[in-house]
Amino acid sequence: MKAIIPGCLVLLAVILAYSARPSPPQAARPAAANRRSFRIVFGERQDETREYSGSLALSEGQVAGLTPWRFLGNDQIQGASGWKLALKRGVFEVQPDKPRSLAAGGAYQNVIPAGVVATVEAPETARVEVRTAQGNFAFPLRDVQPGGLSFLGGDVTVEPAATAERISPPETGEQQDYPSIAVTRAGVVWLAWQGYSDGGEHIYARHSTPSGWSETLRLTGQRGDLYRTAVGEDGKGRIWVVWSERRGPDWNLYARRYDGREWSPAAPLTTGSSPNLSQRLVADRRGRLHLVWIGHQNGESRVFHRSLDGDNWSAPVEVSGASAWAPDAAADSQGNLYVAWDSYQSGNYDIFLRRITAAGTPDPIQQVTHSQAFQAHASVAVDAQDRVWVAWDESGANWGKDWNHEDPWRSTTLYADRSIRVAVLEQGRWKQPAGLEGAIPPRYRRYWQLPRLAFGAPPGASSGPPASTSGLPASASSGLPAGSPAGPPSAPGRLWMMLQCRTSTANNRADYWSSNGRWEYFYTSYEGDHWSPLVPIPQSNTRNEGATSLAVGPDNRVWLAWTTDNRPLGVPVPGGAGTAGSGGIPPSPMKYEVWAAALGREAPPASARLEAFVEPPMPGSPVHPNEAADVARLRAYRSGDRRILRGDFHRHTEISSDGAGDGSVEDYFRYMIDVAAMDTGIISDHNAGNDVEYTWWRTEKAIDLYHVPGRFIPLFGYERSVNYPNGHRNIVFDHRGVRTLPISPAENKGALNSGPILYPYLRQNRGIAMEHSLATGQGTDWRDNDPEVEPLVEIYQGYHAAYEYEGGPRAETQNFLVNIHGGYQPSGFYWNALQKGYKLGVQSSSDHVSTHCSYTMIYSPSTERRDMVESMRRRHAYGATDNILLDFRTEDGHRMGDAFEAKAPPRFLVKVRGTDRITRVEIIRNGEFVFTTEPNAATTEFTYVDNKPRHGAESWYYVRVAQIDRNLAWSSPIWVKLGE
């Protein structure tokens, strides 16, 4: 890693003179006494649609507000304390439902539980009376505890909920995201976040005052490419806000510092080694501020650390070794820092921990987990006894390796399931607390993930040296922001966990494909021998990603910050309106906001009961033991001046409305960079999230963010999903900034052809398109073609089938259907396009769910994006189901994809390097098999000359390779026109 500039940031020569420009002041209001929230859920039994309109009243105090949860159709809040609600039946997943087979079709129709979140200002002695159309019930406010109360025969529950308050101002109209939170030693709560609008982002900050929240400060001078925030307090009481920003090609960390009077200009904390991201700030009790983040060296991601002691940042130190992700850190009472992360260095994701001593010396790395399971997203916290607690996500073995419908058992898809484990380092030995399963409601137990840990402080513990008078005045801590819970602070030493659950989807299918996903946040605490039942966090419906932050104040109160996207449930109901998006789900409006809440409990925790940490057996054996050598061989191979670049140009994330089973954007990059070791590809979500600007921006920014020079060079694009007969196409660009092309109802119905609409757009923006799912209801009857902008088609799709010709290897027939893509349309097979004279090369990609079975191999002169796209435009590509090397060219220098005229039949050169024994290599000319060899070896090469050429006409030739393990490869054709 290049040297990072040390010293006081305000003296740096590279300082950029940003100024803090506050938005208009926000009206502050006094903190309300005895404010708390609870959620009333109707329809828990899910046995009947019922009318549950009603109201609530208090014997003491007042109702501060009601918030709907899963309201549909005509449901609405009425006045200050009433609601109109009728339970509905819809396409709605209940987690215990048995997955439906593909042959069964359709989806479950279930009664959808719904309810209200009530926020009240009342003493614990208050009695709550609830009246509904199905009956009335009442309860003392003090009885609302984790686990909930049950009424009306178990069809209604009442459970506590966090009292949430929106932090980001709504009037800006921005998409506000990626919050971070810190509490100073004086008790001031600081939040930072980023806001997007008009093609760029700003960084914002806000803090608590005795009378409410401060005005919102804008910390950036002009909009830019920004990613995540971190906020913390240094030993002099100064506030630091750190973010990742792209300037030119590089992503570096930048910071501003507030001394209580003014903000310093923005200055870099890293230089080079791009990208630098996933930063976290941690303060220790000796007054030092620690920064950990992901940087890169030689194309490999690594965790780095710096600390601020006084006014000087230490030199950066690498902590992790290669292939590291998602660092977190926490300090103990002695000033030692514990850094946790996950890494793919063992061939699967494991959790690692390293102590950096108070003197700054790194101890040896400890590998916490050793199984073949997917273990990632570590969170770390240190308790009053200096025990180190680490929590992480888990999923199955061989995560991201070979999965398709023909062989679904060897590996784990990117989002098959998620759960959380916790381990504790006590006096050099790893132990574990009770499992978390009992705290998870049964209907959420398939996907619970992304833990964040925090400890309340022990009695009498010092939170560090006193804050400098240069920071915020101590009076700022005499009150809490409006809307924070009053009452006693959380008990000392209590362990808190915030986590995310997938709470609903529209279906529950055996192949993990899922649509209309919703994720929400919850919290729990460890009670000595068990975890308390999950408590919901209102206003937390969001994407599949952990945009969360936790912080603990000197009063032991734990603060949470998170992002919500405000999407309604979106389940079609009788009489409802809305245009169906991909997967038949109506598009939902999206507005990201930042919210926060504070947690408080009276009862002190019991002593934690721990036992020896044990990893359960994880069956599974390596799917490709020689994969590293196979990839290295492909990367080293040269055909003239061309190298092979491996990619996947049809992969979804949860951004797609039918992508709830595909994992997050981060999962996508983990798979592409580490598991499949791809060189390039696109995120192909449906119109980048139904033409929503912010999801398009997030996708394109992620492509730039995870561009690792010399290692992974992703391209820009999306899937344009138009029904048969026009067909779905994947769109690819070599540059950023091209908005999606909307689809009209007439085009989607086939009343208008896509070609005249799409092809000018591609020409204008140097783009290309590739038809996929060819012989299906997502395919085409080949009504359009333009070889300049539509050069390739998807000959094989890992999620579905091959589309070479009817009855070909891995292809469907009328009597053999995979039942995925909405019907069988044999006019879309690849040979039909070639017979029409279209010049179309081939590639192979994944689509939904499937992993590690589809490879687009591009012969390109370089790793420059423009060269890659131009090579695809010239059809210099082939498709494969494994890392098979295939070179098909002529002796006089024409390669696959080329079209030329010749006076005599050319000599074709074929070279194959398999990943298993090659059983058959065939040459196809104009739909006929004109040559076959059966090498029964791992490699073969030969020369072929057509001894029965067609003179005076153009012929197309391509090569197909088959291995003993059923893996295949197809070259793009070479077109030859022979003279008479």
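Residues numbered from 1 in each chain as written. Predicted model: local features only at pLDDT ≥ 70, side-chain atom pairs only at ≥ 80, totals over all residues. Heavy atoms only, no water.

The next thing to look at is the pattern of salt bridges. Counted under the stated rule, the structure contains 74 salt bridges. Its salt-bridge partner being K701, residue E201 comes within 2.7 Å of it at the nearest N-O pair. Highlighted residues: E201 in strand β16 (residues 200-209) and K701 in helix α4 (residues 693-705), separated in sequence by 500 residues. The burial state of E201 is the same as that of K701; both residues are buried. Among the ionic pairs, R557 bridges to D555, the shortest N-O distance being 3.7 Å. According to the relative accessible area criterion, R557 is buried, its value standing at 3%. Its relative accessible area of 32% is what places D555 among the partly exposed residues. Because the salt bridges share partners, they merge into one network encompassing D177, R228, R543, E545, E654 and R698. (Salt bridge = Lys/Arg side-chain N within 4 Å of Asp/Glu carboxyl O. Helix = DSSP H or I, 4+ residues; strand = E, 2+ residues; numbered from the N terminus. Buried < 20%, exposed > 50% of the residue type's maximum accessible area, 1.4 Å probe, protein only.)

What follows concerns the nonpolar core. V339, F669, L762 and Y878 are the most contacted members of the largest nonpolar core, which has 90 residues in total. Formed by 28 residues, the second largest nonpolar core is a distinct cluster that contains L56, L85, A114 and V116. (Core = buried A, V, L, I, M, F, W, Y, C linked by side-chain atoms within 4.5 Å.)

Burial of strand β54 (residues 885-890) is extensive: five of the six residues sit out of reach of the surface. Of the pairings in the sheet, the one linking β54 to strand β56 (residues 907-925) comprises six bridges and is antiparallel in character. Counted as the bridge partner of F888 is V910 from β56. (Pairing = 2+ DSSP bridges.)

That bond from S274 to P275 is cis: its omega, 0°, falls within 30 degrees of zero. In this fold, P275 is placed in the loop between β22 (267-268) and β23 (277-283). Across the junction of Y724 and P725, the peptide omega takes the value 15°, indicating a cis bond. Within the fold, P725 resides in the loop between β47 (716-720) and β48 (729-733). Despite not being glycine, N687 shows a phi value in the positive range, around 45°. Here N687 is to be found in helix α3 (residues 687-690).

Next up on the list: the packing of aromatic side chains. Applying the stated criterion across every chain yields a total of 50 aromatic pairs. Relative to Y944, the ring of F931 lies with its centre 5.5 Å away and its plane at 45°, an arrangement referred to as tilted. Highlighted residues: F931 in strand β57 (residues 928-933) and Y944 in strand β58 (residues 937-945), separated in sequence by 13 residues. Residue classification places F931 among the partly exposed residues on the basis of a relative accessible area of 24%. For Y944, a relative accessible area of 6% translates into the label buried. Ring geometry for W956 and Y958: centres 6.1 Å apart, planes at 15°, overall stacked. Of the aromatic side chains, those joined through ring pairs into one cluster are Y805, Y830, W831, F929, W956 and Y958. Geometry around W496 places R494 over its ring, the cationic atom sitting 5.9 Å from the centre. (Phe/Tyr/Trp six-rings, centres within 6.5 Å; stacked < 30°, edge-to-face > 60°. Lys NZ or Arg CZ within 6 Å of the ring centre and 35° of its normal.)

Before going further, it helps to examine the side chain of R651. Note that R651 resides in the loop between β45 (642-648) and α2 (665-675). What makes R651 buried here is its relative accessible area of 1%. At a separation of 3.0 Å, a polar atom in the side chain of R651 contacts the side chain of S846. Among the polar contacts listed, one links the side chain of R651 to the backbone oxygen of S850, at a separation of 2.7 Å. (Polar contact = N/O pair within 3.5 Å; in protein donor to acceptor, adjacent residues only side chain to side chain.)

With that settled, the discussion passes to the side chain of D679. You can see D679 is positioned in the loop between α2 and β46 (680-681). For D679, a relative accessible area of 5% puts it in the buried group. If we skip the residues at most four places from it in the chain, D679 touches R635, I644, L645, R646, R711, F712 and I713. (Contact = heavy atoms within 4.5 Å.)

Just geometry here; none of it tells us what the structure is for.
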